[in-house]
Amino acid sequence: MHILKNTSLFLFLLLPLLCFSQTDSDYYKNSHCTFDKMRKKSGMQKLPQAQQKKDSISDALADDNSFYIIPVVVHIIHNNGAENIHDSIVRSQIDVLNEDFGRYGKGSNTHPASADSRIRFCLATKDPQGNPTTGIVRVQSPYTRLKSDDEMLTKNLSRWDQKRYLNIWVVRDIDANPREQGYSYLPSEVANERFRERDGVVIAYRHFGRNSRIAQQNNYMGHTTTHEVGHYLELLHVWGGDGPGKGGCGDDDGVFDTPTCDGIFYAEYNPLTRSCDRPVQCGNPRMVENYMDYSEDRCLNVFTKGQITRMRGAIVGFRSGLVTYANLVSTGCKSQYLSFNPPAEDELQIHANLSQKTVTMFPNFVNEQNAQLVVYDEMGRLIASKLYTNMKNNTEELYIPTLKNGMYFFIVQTPTQKFTQKIVILPQKN
């Protein structure tokens, strides 16, 4: 009787641990993106979907070889709790984004269906007023517990110009639900003036950064933020649809090379086989490795080439102001741009800034040369002309008051060479 009593006591004490373990496992498996929920609450899902309606100019420009550098600011909204994460965690997350979008680094984006998206992320070193910054802003507030019914209570605490920066808010949780990882909105939706100030990415702190001691068990590699930035660049979930219970075999995400799949599925990593659950759905093995699916971080390693085209088209069509050279200079990301897009020797690059009505030339000549710049519009009309003396490698800027949307031809003639560049200036939609 004494032994039975002790055994019962032991089981009684052990029961909460057993229950916690089971609940903990389910909790990790069923964590999810809050993308659909927030779009429903805001009314964005009722907007005409624009993700498959990019114009041909956007698609053509998106297929070029240039790198798009996106300045980032991270707002840590905290109440002196664990959500007040260290700067090193923020920097690790920027590293992960660049690896996942860039096909290099610690084993991410290695799938044969993928490629380097030529999209990179730069933690801003200049704030909107031009002052030095780490790109990390800390604000103490109880609104670190973001409420989906009034998300602006949190976002209004700290927000930089969405036309110049990707805003990322790190919060304690969303609706006090530890399973809600984060969310973003499609650029085609926040282009609507009614929703513009919502633009950006929200991430619960346990899903932010790589190998953090506070990271959630199955999402410790930083791919949650990669997933949400995919939405920020116009990608849907791979199963299509607009919420749980939708997106069956008759639905799609609008990208040609992501296999059709059937609704939400949570892929788990098996350490014994070193592989992830992969059901056959709609006649295809499900691409559980896709960053836009729900899978453990160890499973994720691919944006398909079709998804990359979609994201680059979204930048050109909706977020072109982020990646202009002028914006990268003003946000402190110029050096990163030049590291990926260096002008070749005895060449020059030309960038137009519609909002400033300026054209900036970046020559890289071995020797000083005189140069004549002439600018024509698509009708062949002369728009501007200027003579430069002793041009070598100094930045040259020209103000053109008549600059507007359209196609322009820039011709620079030196005594030894002639440079011709065509530039298409698109409307600033965001």
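See above for the structure.
The structure displayed is predicted, hence computed values, not measured ones. (Residues numbered from 1 in each chain as written. Predicted model: local features only at pLDDT ≥ 70, side-chain atom pairs only at ≥ 80, totals over all residues. Heavy atoms only, no water.)

(A) Structural view of the sheet that holds strand β21 (residues 406–413). Taking strand neighbours across the sheet as the criterion, the four strands line up as β19-β18-β21-β22 in an open arrangement whose pairing is antiparallel. Where the open sheet ends on each side, the last strands, each with one partner, are β19 (382–391) and β22 (418–425). Geometrically, the sheet is characterised by an average inter-axis angle of 15 degrees between neighbouring strands, direction not taken into account. Looking at chain direction, β21 and β22 are connected through eight bridges and run antiparallel. Within β22, the residue paired with Phe-410 across the bridge is Gln-421. (Pairing = 2+ DSSP bridges. Helix = DSSP H or I, 4+ residues; strand = E, 2+ residues; numbered from the N terminus. Axes fitted to C-alpha atoms, helices over the stretch in contact; angles between N-to-C directions.)

(B) Here's a closer look at the pairing of strand β3 (residues 119–123). Burial within β3 is extensive, with five of its five residues counted as buried. Residues Ile-119, Phe-121 and Leu-123 point to one face of β3 and Arg-120 and Cys-122 to the other, with burial holding for every one of them. Alignment of strand β2 (residues 68–78) against β3, held across five bridges, turns out to be parallel. Its bridge partner being in β3, Ile-69 is matched across the sheet by Arg-120. (Buried < 20%, exposed > 50% of the residue type's maximum accessible area, 1.4 Å probe, protein only.)

(C) Looking closely at helix α8 (residues 305–318). For α8, which comprises 14 residues, the first-to-last C-alpha distance of 20 Å matches the rise-based estimate of 20 Å (1.5 Å per residue) to within 8%. Among the 14 residues in α8, twelve count as buried, and that is most of the element. (Expected span 1.5 Å × (residues − 1).)

(D) Just the pattern of salt bridges, in detail. On inspection of all chains with the given rule, the structure shows 17 salt bridges. For the salt bridge of Arg-298 with Glu-296, the shortest nitrogen-to-oxygen distance reads 2.9 Å. Among the residues examined, Arg-298 registers a relative accessible area of 36% and is labelled partly exposed. Within the structure, one salt-bridge network assembled from shared partners comprises Lys-37, Asp-175 and Glu-180. (Salt bridge = Lys/Arg side-chain N within 4 Å of Asp/Glu carboxyl O.)

(E) View of the pairing of strand β16 (residues 347–353). The pairing of β16 with strand β17 (residues 358–364) spans seven bridges and is antiparallel. Its bridge partner being in β17, Ile-350 is matched across the sheet by Met-361. Counting the residues that bridge the hairpin from β16 to β17 gives four residues, and of these Lys-357 lies at a positive phi of roughly 60 degrees.

The quantities given are spatial measurements derived from coordinates; they are silent on function.
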